[in-house]
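# Tertiary structure, described
Letter by letter, the chains look like this.
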Amino acid sequence: MKEFYLKKRTKSFTISILNLVDNLPMKNSTRVIANQLGKSGSSVGANYRASLRARSDNEYLSKMNIVLEETDESLFWLEVLQELNVVDANELKELLTEANELTAIFVTTLKNTKSRINNK
């Protein structure tokens, strides 16, 4: 059940990121951010889904580390947008909260998986 919930949640995060990117004012600086954020944000859901198809614990850990990395990169770009003050603060607040929560979930998942593997 947790996997289904996170599958849905990471897909929703991806869609929210892509909607944000589509609505950014197109200046040189935001074009760069839009490109980077679009890639990292869309990668979260896609790589989480791929992690669920892992054939081994090591493959799962590898894919989940990518998910964590892409979520953290998305968080970075959202923070940059916040500091540039080019996006509605309320919309950005929701995405920042979600990126932080997802990051925490993935860190915990990785720690728990590593612990389980080490205790086999």
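First, a word on what this report is: a plain description of the structure on this page.

Rules behind the numbers
- Residues numbered from 1 in each chain as written.
- Predicted model: local features only at pLDDT ≥ 70, side-chain atom pairs only at ≥ 80, totals over all residues.
- Heavy atoms only, no water.
- Axes fitted to C-alpha atoms, helices over the stretch in contact; angles between N-to-C directions.
- Helix = DSSP H or I, 4+ residues; strand = E, 2+ residues; numbered from the N terminus.
- Parallel < 35°, antiparallel > 145°, perpendicular 65-115°, else oblique.
- Left-handed = near helix turned anticlockwise from the far one by under 90°.
- Contact = heavy atoms within 4.5 Å.
- Nonpolar A, V, L, I, M, F, W, Y, C, P; charged D, E, K, R; others polar.
- Core = buried A, V, L, I, M, F, W, Y, C linked by side-chain atoms within 4.5 Å.
- Buried < 20%, exposed > 50% of the residue type's maximum accessible area, 1.4 Å probe, protein only.

## Topic: the packing of helix α1 (residues 2–22) against helix α2 (residues 28–51)
In the contact formed by α1 and α2, the axes pass within 8 Å of each other and the chain directions differ by 165°. Classified by the interaxial angle, the pair formed by α1 and α2 is roughly antiparallel. Our pair here, α1 against α2, has a crossing hand that is left-handed. In this structure, α1 uses Lys2, Glu3, Leu6, Lys7, Thr10, Phe13, Thr14, Ile17, Leu18, Leu20 and Val21 to contact α2, whose residues at the interface are Ala34, Leu37, Gly38, Gly41, Ser42, Val44, Gly45, Tyr48 and Arg49. A breakdown of the residues in the contact of α1 with α2 according to their chemical character gives 10 nonpolar, 6 polar and 4 charged.

## Comments concerning the nonpolar core
Grouped together as the largest cluster of nonpolar side chains are 28 residues, with contacts concentrated most on Leu20, Leu37, Leu78, Leu81 and Phe106. Of all the secondary structure elements, the ones that give two or more residues to this core are α1, α2, α3 (57–84) and α4 (89–118). Top element by residues in this core is α3. It accounts for 9 residues. What leucine 78 contacts, discounting residues up to four positions off in sequence, is Ile17, Leu20, Leu37, Leu92, Leu95, Leu96 and Ala99.

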